[in-house]
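# Structural overview
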Amino acid sequence: MLGEGIAKGLVETARNFFGSYVSKDRLTTVQYPEERLPQIEATRDFPFLVYDGDDWQAGMRCVACQICEKECPPKCIYIEKSKDKKPDALGKPQFYPAVFNIDISVCMSCQICVEVCPFEAIKMDTEFELSTDNRFSGLLWNKEKLSKSNEHYNKIHPTEAAEVDARLAEDKAKAEAKAKAASESKPTPPTSAPAPTGAVHG
Amino acid sequence: MGETADQIFVILQHWIVAHAPGILQPILAPLLGVIAIIGVFALLFAVTTVLERKGLGRIQNRYGPNRVGPFGLLQPIADGIKSVTKEDIVPQAADKVVHLLAPVSLVLAAFSLFAVLPVGRNMVLANLDAGVVFFFAVSSVTEITIFMAGWSSRNKYSLLGAMRAIAQMVSYEVPLILASVTVIMATGSLSTVAIVEKQAGYTGIFPHWFVFTPWGFAGFILYMIAATAESNRSPFDLPEGESEIIAGYFVEYSGFKFALFFLGEYLGMFAISGLGITLFLGGWSAPFSFLTWVPSYLWFVGKLLFLIVMFIWVRGTLPRLRMDQLMNFAWKFMLPMALINLITVGIWHFMQQGILRWLICSVIVIASYVLLGRGLTQGWKLEKRIYRFAE
């Protein structure tokens, strides 16, 4: 009979109306600023620079090799190499970036900088609440803004960070063993010894 | 005590008028009524918008607006500020005068509809002898304003929407008025006040509302369907179908003019519901004889809110009709049904009171509903749609 479908539909919508007050499961809305969905582990948006230890300047892994700057497709990375050298995590003197800028308004989050970095120094962040009141200087991030600790990296990408940490520890152990062997066989000053090149990975 | 509460606004009006200088008194009395109507129904509009959005949200398992104020109840204020501060864009090719006049005259017409509605006992702005005729004459002005809006915008979507609106409103005005004529036949009066007073009696505890008669029930349903179409609400919102013609006749309106259209549309809905209450639901009279101590205007507002909830519920349930379905429904079902209803009310009027006239009138109404419904649905093929290329 005419009107049967309308009655059925009215019952259905009434059930939805009252049901949404009774059971929370019906409401799929996540009320964003107060409620958040857990982030999936593979999430990524913009790169950051990893440092070890507490001091971001001393512990910075980046050696200003400029590979990421050359590889970056939209050319959003700008690096100036330092004049002097300072010891890296393995105790070997290295250059460090005097200036390291990323324009995140240009960055396309492709992760190529992360793939090409031989020093595990640049990784992808998950921070997405980046609005700013200046679209030029507010989105051009310098070295200080980009630096984040290894603990932060472990927090946002635990599995990946554990792998990286294991690899770095292995390299360090290898380098130490090599240095030890070298110093035992040839007690010469360490400056003339061949430098350990364990930092590059396939 | 109950009498004072019932008449408090009337007493207040008399008190204010009595204390005014003599020369102002003839103007002041209607002016106070106009101010009260504008204030109350504009407020009701604000409340309805937020309740509608919340209700539709809940129907769709969403929260609805809940950010501005407690439970989002101050949302209309935010909406108002937004619409006032927005830029008022008028298309270069538009007929600027008509473009401005359309929303203004829509709101004016919608407000003047309330003049003949008895909101409570002794609470009617203009007790016209031909109140119902006045109501339908003024409500036809809304059609012209909608066409003014569509034509003056000089936009194809606006014009399409306006053409649809005209076709729809003219078609549905016929069953709307025919459904109301049944009540006029039964009461023998065109005055809204007389119609309500006729329904204010009680048999036992039950009221003499026309909706509790076979022809009145059918008339009420027909009236409300036609009222939905007249006020351009879903499922009859073809003139403004967002997904087809963007927003129909108000594509080219922005800022406060858009808000005026919105206001006019809701006021039209309230007014036409108010007339439905007056004609079929006993106006301001209480639903049971032992509830007559509740002030009469509260009953009117309660019934109005009930009808608004029904409008929202239907809007949340039904999809928009197609143009041919709309026209078929108006001319092949609503019109014959309304005509048969006219005959039924005649039979009801001339038969003796008793169970027999109930039986005969019910049989006529139900049989015509079933048969006309079968005729309307004859060509329909309702089956599960199969998507050939999607799977």
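Along each chain, numbering runs from 1 in the same order as the chain's sequence is written. To read the labels, note that chains go from A and ligands from 1, taken in the order they are written. pLDDT decides what is reported in this predicted model: residues at 70 or higher carry local features, side-chain atom pairs at 80 or more are listed and counted, and totals for whole chains, interfaces and linings draw on all residues regardless.

## Section: the overall build of chain B
Looking only at helices and strands, one finds 13 helices and two strands in chain B. The atom set for the radius of gyration is the C-alpha atoms, and the globule formula is 2.2 Å times the number of residues raised to the power 0.38. Its C-alpha atoms give chain B a radius of gyration of 22 Å, near enough to 21 Å, the size a compact globule of 391 residues would have. For chain B, the C-alpha atoms occupy an extent of roughly 65 × 65 × 40 Å along the three principal directions. Pairs at least 24 apart in sequence give 76% of the contacts found in chain B among residues at least 6 apart. Numbering goes from the N terminus for both helices and strands, where a helix is a DSSP run of H or I of at least four residues and a strand is a run of E of at least two. Residue pairs qualify as contacts under a 7 Å threshold applied to their C-beta atoms, which are placed from the backbone.

## Section: the overall build of chain A
The helix and strand tally for chain A stands at six helices and eight strands. Put simply, chain A runs from its N terminus to its C terminus through helices and strands in the order α-β-α-β-β-β-β-α-β-β-α-β-α-α. Taken over C-alpha atoms, the radius of gyration comes to 26 Å for chain A, far larger than the 17 Å a tight globule of 202 residues would show. Once the C-alpha set of chain A is aligned to its principal axes, its extents read approximately 100 × 40 × 30 Å.

## Quick word on the sheet that holds strand E1 (residues 47-51) of chain A
Residues and elements named next belong to chain A. Whether two strands pair depends on DSSP finding at least two bridges between them. The strand order across the open sheet built from three strands is E6-E1-E8, with neighbouring strands paired in mixed fashion. Edge positions in the sheet fall to strand E6 (122-124) and strand E8 (147-149), since each of these pairs with one other strand and no more. Strand after strand, the sheet turns through a mean of 50° between neighbouring axes, direction not considered. The pairing of E1 with E6 spans three bridges and is classified as antiparallel. Bridge assignment links Phe48 to a residue of E6, and that residue is Lys123. Fitted lines through C-alpha atoms give the axes, limited to the stretch in contact for helices. The angle between two N-to-C directions lies from 0 to 180 degrees.

## Details of the interface of chain B and chain A
Facing 14 residues of chain B, the contacting portion of chain A comprises 13 residues. Contributing elements (two or more residues each) for the side of chain B that touches chain A: helix H2 (25-59), helix H11 (296-317) and helix H13 (355-377) of chain B. Sort the elements by how many residues they give to the side of chain B that touches chain A and H13(B) lands first, with four residues. Each residue is assigned to one class: nonpolar for Ala, Val, Leu, Ile, Met, Phe, Trp, Tyr, Cys and Pro, charged for Asp, Glu, Lys and Arg, and polar for all the others, Gly among them. In terms of residue class, the side of chain B that touches chain A is made up of six nonpolar, six polar and two charged.

## Here we look at the confidence of the model for chain B
Detailed reading of the predicted model is not advised wherever pLDDT is low. The predictor's confidence in any single residue is recorded as pLDDT, a number from 0 to 100. Mean pLDDT over chain B stands at 86; residues scoring 70 or higher make up 99%. In the predicted complex, the global pTM is 0.79; the interface-specific ipTM is 0.79.

## Details of helix H8 (residues 214-230) of chain B
All names here are of chain B. An expected span of 1.5 Å times one less than the residue number is assigned to each helix. With 17 residues, H8 extends 24 Å between its outermost C-alpha atoms, agreeing within 8% with the 24 Å of an ideal straight helix rising 1.5 Å per residue. A large share of H8 lies buried, amounting to 15 of its 17 residues. Where H8 terminates, the next one or two residues include Asn232, which has phi positive at roughly 55°. Any residue whose C-beta has 12 or fewer other C-beta atoms within 10 Å is treated as exposed, any with 20 or more as buried, and any in between as partly exposed, C-beta atoms being built from the backbone.

## Remarks on the pairing of strand E5 (residues 97-103) of chain A
Two elements, strand E2 (residues 77-81) of chain A and E5(A), share five bridges in a ladder whose sense is antiparallel. The residue of E5(A) that forms the bridge with A:Glu80 is A:Val99.

## Focus on the packing of H2(B) against helix H10 (residues 255-280) of chain B
Residue and element names in this part refer to chain B. Two elements in contact, H2 and H10, have axes separated by 10 Å at closest approach and are oriented at 105°. Taken together, the axes of H2 and H10 lie roughly perpendicular to each other. Of the residues in H10, those in contact with Phe41, Leu44, Phe45 and Thr48 of H2 are Leu263, Tyr266, Leu267 and Phe270. By definition in this entry, angles of less than 35 degrees are roughly parallel, angles greater than 145 are roughly antiparallel, angles of 65 to 115 are roughly perpendicular, and the rest are oblique.

## A short note on the sheet that holds E2(A)
The strand order E2-E5-E7 (chain A) describes an open sheet built from three strands, whose pairing is antiparallel. Two strands lie at the open edges of the sheet, namely E2 and strand E7 (140-141) of chain A, each paired on one side alone.

## Overview of the nonpolar core
For soluble globular proteins, nonpolar side chains are generally found buried alongside one another. Counting 89 residues, the largest nonpolar core has B:Leu222, B:Tyr223, B:Ala226, B:Leu267, B:Ala271 and B:Met334 as its most contacted members. No other element matches H10(B), which puts 13 residues into this core. Filtering out sequence-adjacent residues up to four positions away, B:Leu267 remains in contact with B:Phe41, B:Phe45, B:Val107, B:Ala110 and B:Phe111. In this usage, the nonpolar core is the set of buried Ala, Val, Leu, Ile, Met, Phe, Trp, Tyr and Cys residues whose C-beta atoms join them within 7 Å. By size, the runner-up hydrophobic cluster in this structure holds 23 residues, among which are A:Ala64, A:Cys76, A:Ile102 and A:Leu146.

## Topic: helix H12 (residues 323-350) of chain B
Residue and element names in this part refer to chain B. Across its 28 residues, H12 extends 40 Å between first and last C-alpha, which sits within 8% of the 40 Å expected from 1.5 Å per residue. Working definition for bend: take the seven residues up to and ending at a residue and the seven starting at it, fit an axis to each, and measure the angle between the axes. Along H12, the sharpest change in direction is near 30° and occurs at Met334; proline Pro336 comes one to four residues later. For H12, the set of buried residues is Leu326, Phe329, Ala330, Phe333, Met334, Met337, Ala338, Asn341, Thr344, Val345 and Trp348. Tucked into the core, H12 has its buried residues touching helix H6 (156-187), H8 and H13.

## Regarding unusual backbone geometry
Peptide bonds are trans in most cases, and residues, glycine excluded, mostly fall at negative phi. Here the bond from B:Ser234 into B:Pro235 is cis, since omega is 5°, no more than 30 degrees from zero. Position of B:Pro235 relative to the elements: it lies in the loop between H8 and helix H9 (242-245). Phi at A:Ala64 is positive, roughly 55°, even though this residue is not glycine. Locating A:Ala64 in the fold gives a position in the loop between E1 and helix H2 (67-71).

## Let's talk about the packing of helix H1 (residues 4-22) of chain A against H2(B)
Each pair of packed helices can be summarised by the angle the axes make with each other and by the distance between the axes. One way to put it is that H1(A) packs onto H2(B) with a least axis distance of 7 Å and a crossing angle of 100°. On the basis of the axis angle, H1(A) is roughly perpendicular to H2(B). Where H1(A) abuts H2(B), its residues A:Thr13, A:Asn16, A:Phe17 and A:Ser20 lie against B:Gly55, B:Arg58 and B:Ile59. Across the contact of H1(A) with H2(B), the residue classes break down as two nonpolar, four polar and one charged.

## Some points on the environment of A:Tyr32
Tracing the chain through its elements places A:Tyr32 in the loop between H1 and E1. Remark: the alpha-carbon pair of A:Tyr32 and A:Ser183, spanning 151 residues in sequence, is separated by 59 Å.

## Looking at the environment of A:Gly91
Residues and elements named next belong to chain A. Structurally, Gly91 can be placed in the loop between strand E3 (86-87) and strand E4 (93-94). With 12 C-beta atoms packed within 10 Å, Gly91 lands in the exposed category. Residues Gly91 and His157, spaced 66 residues apart in sequence, show a C-alpha to C-alpha distance of 27 Å.

## Quick word on the confidence of the model for chain A
Across chain A, pLDDT averages 84, with 91% of residues at or above 70. Highest mean pLDDT in chain A belongs to helix H3 (residues 112-116) of chain A (92); lowest belongs to E3(A) (80).

## A word on the environment of B:Arg154
Residues and elements named next belong to chain B. In this fold, Arg154 is placed in the loop between helix H5 (131-152) and H6. Residue Arg154 is classed as partly exposed on the basis of its C-beta count, with 15 C-beta atoms lying within 10 Å. Measuring from C-alpha to C-alpha, the distance between Arg154 and Gln92 comes to 9.3 Å, with 62 residues separating the pair along the chain. If we skip the residues at most four places from it in the chain, Arg154 touches Pro91, Ala93 and Ala94.

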